[in-house]
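Coordinate inspection notes
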Amino acid sequence: MGHVLDDDKPCHECGVVGVYLAEAAVGEPAEAARTAFYGLFALQHRGQESAGIAAVDENGEALVHKAMGLVSEVFSPAVIEGLPGRIAVGHVRYSTTGGSRLLNAQPLVFSYLRGMVALAHNGNLVNYLELRDRLATLGSVFQTSTDTEVIGNLLARYSQDRLEDALIKTMIDVKGGYALVLAARDTLVGVRDPLGIRPLCLGKLEGGYVLASESCALDTIGAEFLRDVAPGEIVVIDSRGVTSLCALQSRQRAHCVFEYIYFARPDSTLDGINVNRARRAMGAQLARETRLQADIVVPVPDSGTSAALGYAAESGIPFEEGLMKNRYVGRTFIQPTQKMRDLGVRLKLNPVAEVVAGRRIILVDDSIVRGTTSRQIVSMLRTAGAREVHLVVASPPTCHSCYYGIDTHLPELIAARLDVEGIRAFIGADSLHYLSVEGMFSALDRGGEGFCVACFDGRYPVPVEGVREGGCG
Ligand code: SF4
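Bear in mind the structure is a predicted one, so any value in this text is a computation, not a measurement.

Conventions adopted
- Throughout, a residue's number is its position along its own chain's written sequence, starting from 1.
- With the structure being a predicted model, the display of local features is reserved for residues of pLDDT at least 70 and the display and counting of side-chain atom pairs for 80 or more, all residues being used for whole-chain, interface and lining totals.
- Excluded from the side-chain calculation are hydrogens and water; included are all heavy atoms of the structure.
- One heavy atom suffices: a residue is near a molecule or strand as soon as one of its heavy atoms comes within 4 Å of it.
- Note on conventions: DSSP H or I runs of at least 4 residues are helices, E runs of at least 2 residues are strands, and numbering of each starts at the N terminus.
- For this scheme, ten residues count as nonpolar: Ala, Val, Leu, Ile, Met, Phe, Trp, Tyr, Cys and Pro. Four count as charged, namely Asp, Glu, Lys and Arg, and the remainder, Gly too, count as polar.
- If DSSP finds at least two bridges between two strands, the strands pair.
- Note on method: axes are straight lines fitted to C-alpha atoms, helices fitted across the in-contact stretch only, with angles between N-to-C directions ranging 0 to 180 degrees.
- Residue contacts follow a heavy-atom distance rule, with two residues in contact if any of their heavy atoms lie within 4.5 Å.
- Take the number of residues in a helix, subtract one, and multiply by 1.5 Å to get its expected span.
- Each residue is placed in one exposure class: buried if its accessible area under a 1.4 Å probe, protein chains only, is under 20% of its type's maximum, exposed if it is over 50%, and partly exposed if it falls in between.
- Nitrogen and oxygen atoms within 3.5 Å of one another constitute a polar contact, given that in protein one can donate a hydrogen and the other can accept it, and given that sequence-neighbouring residues count only through two side-chain atoms.
- Think of a nonpolar core as a cluster: buried Ala, Val, Leu, Ile, Met, Phe, Trp, Tyr and Cys residues, connected wherever their side-chain atoms sit within 4.5 Å.
- Each Phe, Tyr or Trp ring, with Trp reduced to its six-membered ring, pairs with another whose centre is within 6.5 Å; inter-plane angles below 30 degrees give stacked pairs, above 60 give edge-to-face pairs, and intermediate values give tilted ones.
- Two thresholds decide whether a charge sits over a ring: the Lys NZ or Arg CZ must be within 6 Å of the ring centre and within 35 degrees of the ring normal.
- Where each domain starts and ends comes from a domain assignment, either automatic or drawn from a database.

Turning our eyes to something else, we now look at the site of the ligand. Near the ligand you find Ile197, Arg198, Cys256, Val257, Phe258, Cys402, Tyr404, Ile406, Cys452, Ala454 and Cys455, and these make up its full shell. Residue assignment for the shell around the ligand shows that the elements contributing at least two residues are α8 (257-263) and α17 (454-457). Tallied by class, the residues present in the shell around the ligand amount to ten nonpolar, no polar and one charged.

Structural data, given as structure tokens:
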């Protein structure tokens, strides 16, 4: 079962962070773990089911703490104190289906010929099961159902090589979208898939370096943004500084467009594009494409807010906060009954009757997956007195599964089953409008080059024919 309050959004798998501190910069034993904690705190939106940090001490021993829950629930000051070392990696995860969820939490720590390695991974390998079968035939045993463990096993297979060389061989074997951070004795390593599907950036700390899924994590811990890790690059950070290895070269780029639409935080800049700016441009483009007559523009907070601001600015229709969000509903501890699940959106959003009553509303959301939440919101707005509700969506219809680390599956995608009129009827809006694919590209200002848009057009940048579902990072 998905997260009750995010049931109508694609679920991001993970966020990763890595911290390297030079000896002289270490103020206290657990400083790297503490820095990783704040980095994860900034990446909480990328996964709310489990969190973990592993730190490697001067003897090469890796200690890990991971548990189900939000970052602030999983880590107390005492827990952080118990993770000494100059190098740390951290992970937040949106759990997917089945199995023991805690067992699948990351980072994963494993021992191989060259010592202990802690590994955290964001993404999904499309050849995970094939690799797992191959490794199992060769005698590997698996404790989890994650593809992260497959990566660890491949590294162990190549342990006669230096870690960097073992990683290059591993990258040749694995196919899909991934961003990895690894902590080994004296070394922090970052790896990004050859097409740059999943994001990873590099920052400079006083006396150290940091790797993170998004630049907002660098801002939070006071690191200076240096650059994005290049697609196919391995970044090795040790006492010599930063060494870059161009492990797998590809002229093609396929940055996940959904990062800009929904996943990433608006204050992040990924691969040269600021997320807030992209969302506002998508909203403005949507206003040019729809030209609706209405009284107010209302966002579905928070993910629709930037696009709604762009829509309002372009159309000249006033922006109003017509829905209030309970910002403290992060995760429900109590398994909801079906009745509560039906009411689920009410825990999170409530209409402001004074704002919406008697008005013609343009309701702006970033995307629609199942349509169930949109339907509830439209119904709530009508009950609160809205005269008309026109739903505008700042992305094209999502009608294909993602195989690169995002938890969307064909059967749950309403746009895979219904046309726009069918979706409108299901949601109960007066009209429904999606951003065009061309409009999305023009808002991103890159002429359509360099993005994965497979969940909209079904053209997968890494072949997925015959992919068996399973194994998420
Ligand atoms: Fe992102 Fe969609 Fe591509 Fe998945 S299929 S990586 S969600 S753009």
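Below, the discussion takes up the sheet that holds strand β14 (residues 241-246). Spatially, β6-β7-β8-β9-β13-β14 is the arrangement adopted by the six strands of the open sheet, whose pairing is antiparallel. Edge strands, defined here as strands with exactly one partner in the open sheet, are β6 (108-112) and β14. Direction aside, the axes of adjacent strands within the sheet are offset by 20 degrees on average. Note: strand β8 (residues 176-184) against strand β9 (residues 187-192), six bridges, orientation antiparallel. Looking at β9, one finds that Leu182 is bridged to Val189. Sheet strands in contact with helix α5 (residues 147-157) are β6, β7 (115-125) and β8, and its direction is about 135 degrees off that of β7.

Looking now at helix α9 (residues 275-290). Given a rise of 1.5 Å per residue, 16 residues ought to cover 22 Å, and the 22 Å separating the end C-alpha atoms of α9 matches this to within 8%. Looking at α9, one finds that the buried residues are Val275, Ala278, Arg279, Met282, Gly283, Ala284, Gln285, Leu286, Ala287 and Thr290. Capping the start of α9 is the job of one residue whose side-chain oxygen sits 3.1 Å from the backbone nitrogen of Asn276: Asn274.

What follows covers the sheet that holds strand β2 (residues 14-21). Spatially, β4-β3-β5-β2-β11-β10-β12 is the arrangement adopted by the seven strands of the open sheet, whose pairing is antiparallel. Whereas interior strands pair on both sides, the edge strands pair on one side only; in this sheet they are β4 (62-68) and β12 (224-228). The average undirected angle you get between the axes of adjacent strands in this sheet is 15 degrees. In this sheet, β4 lies alongside strand β3 (residues 50-56) in antiparallel orientation, the contact comprising seven bridges. Note on β4: the bridge partner recorded for Ala51 is Ala67. Packed onto the sheet, helix α1 (residues 31-42) meets β2, β3, β5 (87-93) and β10 (201-205) and runs at close to 150 degrees relative to β2.

Below, the discussion takes up the nonpolar core. Counting 48 residues, the largest nonpolar core has Tyr260, Met282, Tyr311, Ile362, Tyr404, Met440 and Leu444 as its most contacted members. Looking at this core, the elements that each hand over two or more residues are α8, α9, α10 (305-315), β21 (360-365), α16 (437-444), β25 (451-452) and α17. Element by element, the count of residues in this core is highest for α8, at six residues. Sequence-distant contacts of Ile362, that is, excluding residues within four places in its chain, are made with Leu292, Ala294, Ile296, Val297, Val298, Tyr311, Ile317, His390 and Val392. Membership of the second largest hydrophobic core comes to 31 residues, among which are Ala55, Leu83, Ala212 and Ala223.

Within the fold, Tyr128 resides in helix α4 (residues 128-137). Measuring from C-alpha to C-alpha, the distance between Tyr128 and Gly176 comes to 8.9 Å, with 48 residues separating the pair along the chain.

Our next topic: the side chain of Glu164. Counting through the fold element by element, Glu164 comes out in helix α6 (residues 163-173). If we ignore the near neighbours within four places in the chain, the residues touching Glu164 are Ile234, Val236 and Leu245.

So, on to the packing of aromatic side chains. For the coordinates displayed, the defined rule picks out ten aromatic pairs. The interplanar angle of 25 degrees and the centroid separation of 5.6 Å between the aromatic rings of Phe258 and Phe456 together place this pair among those described as stacked. Of the two residues, Phe258 sits in helix α8 while Phe456 sits in helix α17, which places them 198 residues apart along the sequence. Across from the ring centre of Tyr209, 4.6 Å away, lies the NZ or CZ of Lys204, which sits over that ring. Its end group placed over the ring of Phe426, Arg375 keeps NZ or CZ at 4.4 Å from the ring centre.

Each assigned domain of the protein chain is listed with its residue range as follows: domain 1 (9-251) and domain 2 (273-457). For domain 1 and domain 2, the distance between their C-alpha centroids amounts to 33 Å.

Before going further, it helps to spend a moment on the environment of Leu108. Following the sequence through the fold, Leu108 ends up in strand β6. Judged by its relative accessible area of 11%, Leu108 is buried. Leu108 sits 82 residues away from Gly190 along the chain, and the two C-alpha atoms are 15 Å apart. When residues no more than four places from it in sequence are discounted, the contact partners of Leu108 are Lys66, Val117, Ala118, Leu119, Thr144, Thr148 and Glu149.

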